Amino acid sequence: MGLWIVATSTLSETMKNFQGEKRLPELLKAIEGSRFAIIVFSKNYADSKSCLDELVKIMECEAEKGQKVFPIFYHVEPTEVRNQSGTYGEAFKNHETNADEEKKKKIEEWRAALRKAGQLKGFQLQDGYEYKFIEHIIGEIGILIPNPVHVGENIVGIDENLKQVKLLIDAKSDEVSMVGIYGIGKTTIAKVIYNDMLDQFKHHSFLENVREGSKDDHGLLQLQEKLLHDSLMDKKMKLHNVDEGIKMIKKKLKFLADSPEWFGGGSIIIVTTRNKRCLDVNKAYSSYEAKGLEKNKALELFSWNAFQQNHPADNYGDLCNRVLHHAKGLPLVLIELKVLDERCLISISDGFVRMHDSLQEMGWAIVREKYPKNPGEWSRLWKYEDIKSVLTKNMGSKNIEGMILNCTQGCKRLESLPTNLHKLKSFQTLACANCQELKSFPEIKENMGRLRVLDFCRTGITKVSSSIRHLHGLEYLNLSCCKKLLNLLDSICNLSSLETLQLKDCPILTRFPEIGENMGRLKVLNFSGTGIIEVPSSIRHLQGLKSLDLSCCPSLSSLPDSICSLSSLRTLRVENCPIKSFPEMGENMGMHL
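So, here is what we can say about the structure in this document.

Cut-off values and rules
- Residues numbered from 1 in each chain as written.
- Predicted model: local features only at pLDDT ≥ 70, side-chain atom pairs only at ≥ 80, totals over all residues.
- Heavy atoms only, no water.
- Helix = DSSP H or I, 4+ residues; strand = E, 2+ residues; numbered from the N terminus.
- Buried < 20%, exposed > 50% of the residue type's maximum accessible area, 1.4 Å probe, protein only.
- Pairing = 2+ DSSP bridges.
- Right-handed = clockwise from strand over helix to strand, strands pointing away.
- Phe/Tyr/Trp six-rings, centres within 6.5 Å; stacked < 30°, edge-to-face > 60°.
- Expected span 1.5 Å × (residues − 1).
- Axes fitted to C-alpha atoms, helices over the stretch in contact; angles between N-to-C directions.
- Contact = heavy atoms within 4.5 Å.
- Parallel < 35°, antiparallel > 145°, perpendicular 65-115°, else oblique.
- Left-handed = near helix turned anticlockwise from the far one by under 90°.
- Polar contact = N/O pair within 3.5 Å; in protein donor to acceptor, adjacent residues only side chain to side chain.
- Core = buried A, V, L, I, M, F, W, Y, C linked by side-chain atoms within 4.5 Å.
- Salt bridge = Lys/Arg side-chain N within 4 Å of Asp/Glu carboxyl O.

## Concerning the overall build of the chain
Here is step 1: From N to C terminus, the chain includes 19 helices and 18 strands.
Here is step 2: Relative to its full complement of 593 residues, the chain shows a buried share of 44%.

This is the structure:
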């Protein structure tokens, strides 16, 4: 439904231009499809048969469809309209002259419509500036016009969810449709459906944060007032207490989601919940499980919010994949990252997301909340003392997913890692960046396949253990700035899930092992600032590689021809290398590079 309103520069100009009966059929159709109607009663209004026919239609819609009608009495008194006196009486004398039976019947319809309209509360102009009068009217009516709820820009992956929920709703039925949505992205889906169906209903309301708002009487009172304001289109209604609100809701609306019988025919109620059991208990609801975004849709959504385009910026692919891994397809998480950046709570630079201290401390508090004195039950450990205590006392539980150390938290003293890391069943992240005294790579057991991230940047390790071959789930390996790293064993090429390998600024690393066919998922490979002498021809197996950084390698003087077979490669950096000639690029490579 739209808004039926005539708006020109002045009301007097409207009266001059609003003449004739040619447009009557389309105007009557527009009136029928409108949510509001504004009637401008002027001195000569009753002279126009078409205006009177429109008035009859408006008053029919007011009675049958609940259309809101606002009369404007423009230099006339409401009593003149209501009683057809003054210029209105003179106009009806003219209409009744020589009127046949059919016209007399129509005249009675006009009189009835005028009597009813003249009794409505409206706006009256006698003296004063017209533009101020118009501004006042717009202000009063504007607060009643419904606005869509904010969903956000560049929403992706919503179409299938929208389609499935609509299948549970019978919008044309006189029955009540009640749908409960649970799962990932439920709030976004509810908002999109609400906006999509907004114009199909005279009365509607979208209540957010009900769980939080109903924890006390003040919040519950606000929710009740909003429901009544939205549904009755009365923004000035005030409630004094919750009990009054309950009575008013039952009296005016005859519903509040307890049972379909409380609702008017054709109503649609959509509820979102974190607890599916709430829907199972109430059999009146059809339930729908919202699914997380598929990886490609999640990547598109994140890219729009982070880079203002539908794909990641160059050299940010790995970072985006790590964000997506942690977001688990949850749209709200992906969008909120943008909000955090705007509020300077996180920053993105050098391929990393860095958070403000206050945000980090809040995260630590959340991790500690349930077991404040038992770090063995936390999901993450970040203090050297806690890690040492958990591992030496064998306190670790299945809850621990990650250990993150850096030199500001005591790991300057860390020389080796314990041998019982494999006992942490949910272990996914091990980060020991800047632990410069750490010289040995941890021994990996076969049951550590859940490990996804290893970060040994700026440590003192000299080689990578051959047991790394057991990490079939490893996606990210960072050995950057390991000044003593001498070589990599062939076992590193058995990491079939590896997507990012960072070897930047390892100056005495001179050789990279032969690459096998099972490293096809590798997307980012960084050799910048290393001592490598050559790139193995087996690099041709890295068909998923998108970024290869060979810059600042003083001993690298040539590239293998096989590098030109990397069909997915987008970025190749070779600046500050003594390379004399470049292999001839193939057609596939030229399309992307």
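The structure having been displayed, the exposition proceeds.
## Observations regarding the pairing of strand β3 (residues 68-74)
Here is step 1: Burial of β3 is extensive: six of the seven residues sit out of reach of the surface.
Here is step 2: The pairing of strand β2 (residues 34-41) with β3 spans six bridges and is parallel. Within β3, the residue paired with Phe41 across the bridge is Phe73.
Here is step 3: For the crossover that starts at β2, traverses helix α3 (residues 49-64) and ends in the parallel β3, the hand is right-handed.

## Topic: the packing of aromatic side chains
Here is step 1: This structure, assessed with the given rule, holds six aromatic pairs.
Here is step 2: Here the aromatic rings of Phe41 and Tyr45 are separated by 4.9 Å at their centres, their planes lie at 70°, and the arrangement is edge-to-face.

## Considerations on helix α9 (residues 186-197)
Here is step 1: Taking 1.5 Å per residue as the helical rise, α9 with its twelve residues ought to reach 16 Å, and the 17 Å between its terminal C-alpha atoms agrees with that figure.
Here is step 2: Among the twelve residues that make up α9, nine are buried, leaving the element largely enclosed by the rest of the structure.
Here is step 3: Within α9 the residues assigned to the buried category are Lys186, Thr188, Ile189, Ala190, Lys191, Val192, Ile193, Tyr194 and Met197.

## Some words on the sheet that holds strand β5 (residues 177-183)
Here is step 1: Pairing is parallel across the open sheet formed by three strands, whose spatial order is β6-β5-β7. Two strands close off the open sheet at either side, each with one partner strand: β6 (268-272) and β7 (286-290). Across the sheet, the axes of successive neighbouring strands diverge by a mean angle of 25°, strand direction being ignored.
Here is step 2: Sheet topology places β5 next to β6; five bridges connect them, and they run parallel. Residue pairing across strands places Met178 opposite Ile269, the latter belonging to β6.
Here is step 3: Where α9 meets the sheet, its contacts fall on β5, β6 and β7, and the angle it forms with β5 comes to roughly 150°.

## Let's talk about the packing of helix α8 (residues 159-167) against α9
Here is step 1: As a packed pair, α8 and α9 sit with axes 10 Å apart at the nearest point and diverge in direction by 65°. By the angle between their axes, α8 is roughly perpendicular relative to α9. Note that α8 runs across α9; the crossing there is right-handed. Residue-level contacts link Asn161, Leu162, Val165 and Lys166 of α8 to Ile189, Val192, Ile193 and Asp196 of α9.

## Let's talk about the environment of Thr571
Here is step 1: The topology assignment puts Thr571 in strand β18 (residues 571-573).
Here is step 2: When the C-alpha positions of Thr571 and Leu548 are compared, they lie 6.2 Å apart, and in sequence the two are 23 residues distant.

## Describing the side chain of Asp455
Here is step 1: Mapped onto the secondary structure, Asp455 falls in strand β13 (residues 453-455).
Here is step 2: On the accessibility criterion, Asp455 (13% relative accessible area) is buried.
Here is step 3: A polar contact is formed between the side chain of Asp455 and the backbone nitrogen of Cys457, at a distance of 3.0 Å.
Here is step 4: Here the side chain of Asp455 touches Asn478 through a polar contact of 3.3 Å, side chain to side chain.

## Focus: unusual backbone geometry
Here is step 1: If you check the backbone angles, Asn434 has positive phi at about 75° while not being a glycine.
Here is step 2: Mapping Asn434 onto the fold places it in the loop between β12 (429-431) and β13.
Here is step 3: Phi is positive for Asp505, close to 60°, though the residue is something other than glycine.

## As for the nonpolar core
Here is step 1: In this structure, Phe456, Leu479 and Leu548 are the most contacted members of the largest nonpolar core, which totals 60 residues.
Here is step 2: Residues in contact with Phe456, not counting those within four places in the same chain, are Leu417, Leu430, Cys432, Leu438, Phe441, Pro442, Ile461, Asn478, Leu479, Ser480 and Cys482.
Here is step 3: Counting 26 residues, the second-largest nonpolar core is a separate cluster that includes Ile39, Val69, Ala99 and Trp110.

## Focus: the pattern of salt bridges
Here is step 1: Applying the stated criterion across every chain, the model contains ten salt bridges.
Here is step 2: Residue Lys116 pairs with Glu62 through a salt bridge whose shortest N-O separation is 3.3 Å. One end of the pair, Lys116, is in helix α6 (residues 101-118); the other, Glu62, is in helix α3, with 54 residues separating them in the sequence.
Here is step 3: Exposure remark for Lys116: the relative accessible area of 34% places this residue in the partly exposed category.
Here is step 4: When the shortest N-O distance is used, the salt bridge between Lys104 and Glu101 registers 3.9 Å. Here Glu101 and Lys104 lie together in helix α6, a separation of three residues that amounts to about one turn.

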